Amino acid sequence: MSTLSSQDSGIVIIGAGIVGLATALALHKKGIGSVVLEKAESLRATGAAIGIQTNGWRALDQLGVGPALREKAVRLQALREVFLDNGQTREARLGKEEGRYLLRSDLLQALFDGLPAGTVRFGCHIVKVKTDPVTSHSTLQFHDGNVAIAKILIGCDGVNSIVGESLKLKPTRDAPTGALRGLANYPNGHGFGNDYVRIKKGSVLVGRIPVDHKSVYWFVARPRLPGDSEILGKPELIRQEALKEMEGYPQELTEMVEKSDDSALTFTKISYRAPWDLLLGNFRRGTATVAGDAMHVMGPFLGQGGAAGLEDAIVLARCLAKELCMRPNGDYDGRQLVNKVGKALDEYVEERRMRVARLSLQTYLTGILVATSSMFVTRLIFLVLRILFRGSFSHAQYDCGRL
Ligand SMILES: Cc1cc2nc3c(=O)[nH]c(=O)nc-3n(C[C@H](O)[C@H](O)[C@H](O)COP(=O)(O)OP(=O)(O)OC[C@H]3O[C@@H](n4cnc5c(N)ncnc54)[C@H](O)[C@@H]3O)c2cc1C
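Residues numbered from 1 in each chain as written. Predicted model: local features only at pLDDT ≥ 70, side-chain atom pairs only at ≥ 80, totals over all residues. Heavy atoms only, no water.

Engineer: Before we go on, may I ask you to explain the pairing of strand β11 (residues 152–155) in this structure?
Structural biologist: Across a regular strand the side chains alternate sides, sitting on one face of the sheet and then on the other. Alternating residues of β11 divide into Ile152 and Ile154 and Leu153 and Gly155, and every residue in both groups is buried. Direction of pairing for strand β1 (residues 11–14) relative to β11: parallel, over a ladder of four bridges. Considered in β11, the bridge of Ile14 is made with Gly155. Where β11 lies against strand β18 (residues 288–290), three bridges are found, and the strand directions are parallel. (Buried < 20%, exposed > 50% of the residue type's maximum accessible area, 1.4 Å probe, protein only. Helix = DSSP H or I, 4+ residues; strand = E, 2+ residues; numbered from the N terminus. Pairing = 2+ DSSP bridges.)

Engineer: Teacher, can you tell me more about the packing of helix α2 (residues 54–62) against helix α11 (residues 305–324) here?
Structural biologist: A pair of packed helices is characterised by two quantities: the angle between their axes and the separation of those axes. One can describe the packing of α2 onto α11 by two numbers: an axis separation of 8 Å at closest approach and a directional angle of 40 degrees. Two packed elements cross with a definite hand, and for α2 against α11 that hand is left-handed. Across from Asn55, Gly56, Ala59, Leu60 and Gln62 in α2, the residues of α11 making contact are Ala307, Leu310, Glu311 and Ile314. (Axes fitted to C-alpha atoms, helices over the stretch in contact; angles between N-to-C directions. Left-handed = near helix turned anticlockwise from the far one by under 90°. Contact = heavy atoms within 4.5 Å.)

Engineer: I would appreciate a short explanation of the sheet that holds β18 in the present structure.
Structural biologist: What the six strands build is an open sheet, ordered β7-β2-β1-β11-β18-β17; its pairing is mixed. Across the chains shown, the open sheet's two edge strands, defined by having one partner strand only, are β7 (120–121) and β17 (284–285). Direction of pairing for β17 relative to β18: antiparallel, over a ladder of two bridges. Residue Arg285 lies in a different strand from β18, and its bridge partner there is Ala288. Taken strand by strand, helix α1 (residues 18–29) contacts β1, β2 (35–37), β7 and β11, and its axis lies near 160 degrees from that of β1.

Engineer: Where do I start with the packing of aromatic side chains in this structure?
Structural biologist: Given two aromatic rings, one states the distance between the centres and the angle between the planes to describe the pair. One pass over the full model with this rule turns up six aromatic pairs. With a centroid separation of 5.6 Å and an interplanar angle of 80 degrees, the aromatic rings of Tyr186 and Phe192 are classed as edge-to-face. In this structure, Tyr186 and Phe192 share a single accessibility class: buried. Aromatic pair Tyr272 and Tyr364: ring centres 5.6 Å apart, planes at 50 degrees, arrangement tilted. Separated by 92 residues along the polypeptide, Tyr272 in strand β16 (residues 266–272) and Tyr364 in helix α12 (residues 334–371) bring together distant segments of the chain. On the basis of relative accessible area, Tyr364 is assigned to the partly exposed category, the value being 31%. By the ring-pair criterion, three or more aromatic residues cluster together here, those being Tyr101, Tyr196 and Tyr217. A cation over a ring is seen here: Arg100 above Trp57, with NZ or CZ 5.8 Å from the ring centre. (Phe/Tyr/Trp six-rings, centres within 6.5 Å; stacked < 30°, edge-to-face > 60°. Lys NZ or Arg CZ within 6 Å of the ring centre and 35° of its normal.)

Engineer: Is there a simple way to think about the nonpolar core in this case?
Structural biologist: Within soluble globular proteins, side chains that are nonpolar tend to cluster in buried spots. By size, the foremost hydrophobic cluster in this structure holds 75 residues, and its most contacted members are Leu60, Leu111 and Leu140. Ignoring anything within four residues of it in the chain, the contact list for Leu111 reads Ile18, Leu21, Ala22, Leu25, Leu60, Leu63 and Val65. (Core = buried A, V, L, I, M, F, W, Y, C linked by side-chain atoms within 4.5 Å.)

Engineer: Can you walk me through the sheet that holds strand β9 (residues 138–142) in this structure?
Structural biologist: Hydrogen bonds between backbone groups are what pair the strands of a sheet, and the pairing can be parallel or antiparallel. Spatial strand order, β8-β9-β10: three strands in an open sheet with antiparallel pairing. Strand pairing shows two members of the sheet lacking a second neighbour, β8 (126–131) and β10 (147–150), which therefore form its edges. Taken over all neighbouring pairs, the strand axes of this sheet differ in orientation by 25 degrees on average, direction set aside. Pairing of β8 with β9 involves five bridges; the strand directions are antiparallel. What sits directly across from Val129, in β9, is Leu140.

The quantities given are spatial measurements derived from coordinates; they are silent on function.
As structure tokens, then:
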């Protein structure tokens, strides 16, 4: 399938990842239809699990999927950090902060299930986007040569966003870090408790986080290596690499990697959009914009990229609904619609810009902390973080507001 029928709404979202689905659901809840075009043949849950903090749960509650998702993951009690090089440990109780790690498949499915049937079209790979400067409509070219027109286009197409390219955003950058991830299953219970444990040795950081009582998500963040492309998509090599990086770590961690199912083992090169590019970038052209990683891909060091994308979905739908729902759908002539949508998208970009720039800066600095083994750099970055960002969880206290 490649062309959109005449009954399709004028809003086209590219990408059925977390943010594309959340945006479609947020619009649906405001009474606005959309079509989501996804290149894969089904929902893709790359990376096993995702941490959602208080700000993300607020957004999921606005989407109506928070309560059911809470049932699927334990609430984390504390963040425990161990520094193997000097034997130091640190613990921060999470207190009122709500942190849970969800299976990505559960999150995607919950968002998908909230949408009217037929909203998501799988197997639709968009290869080119061109926005007409006069009408502001975007022409979408599909991989099979078909074309379709979108009156309003929202790019939720991730790090290599084709919509971002059409908006002439600066390219994203490669971080010097790569992440190995997996999910270990313990049919009789893992017995690790409900704490998030992070263990650092040299420039390697290992994380162990319970999803529920039987499954544990883990990651290894380490400097990129020249042979990294060789392990992409090869579970057994990813497992061997993780075990190699964990030499000298407690045995329960290496056992966790051995227990992991092949299907959830991934290696990801970390990319980011520079915080200064977020401050200066032009995220709206005519009636086209971007959300989620397409706008603000950031490293995983605060665990906020996906949650920030959920916030985008709420704010974007709220801004569009404010402008579009004043009259019944379709009651605007072409120019009026373009002006209304342009205003809504400008409001959206303005509301999101400082939030994602700050998050991205905090993530960037935290990424330096992860990668360095220098005590001087560590102290310096801690100081800068303390001055700029108060408490270490302040990013999670953000409230994107009501839908
Ligand atoms: C190692 C790691 C750990 C992370 N941990 C966390 C965490 O704990 N908490 C958190 O909040 N965030 C975390 N993140 C960030 C989070 O994973 C992302 O921010 C989030 O998945 C972005 O969602 P998205 O929908 O914007 O993009 P994506 O998930 O990339 O989805 C984009 C979708 O668009 C589709 N697509 C792309 N191009 C096209 C096209 N041309 N035509 C049609 N379809 C297209 C893709 O197939 C895909 O389905 C982590 C990231 C990494 C790398």
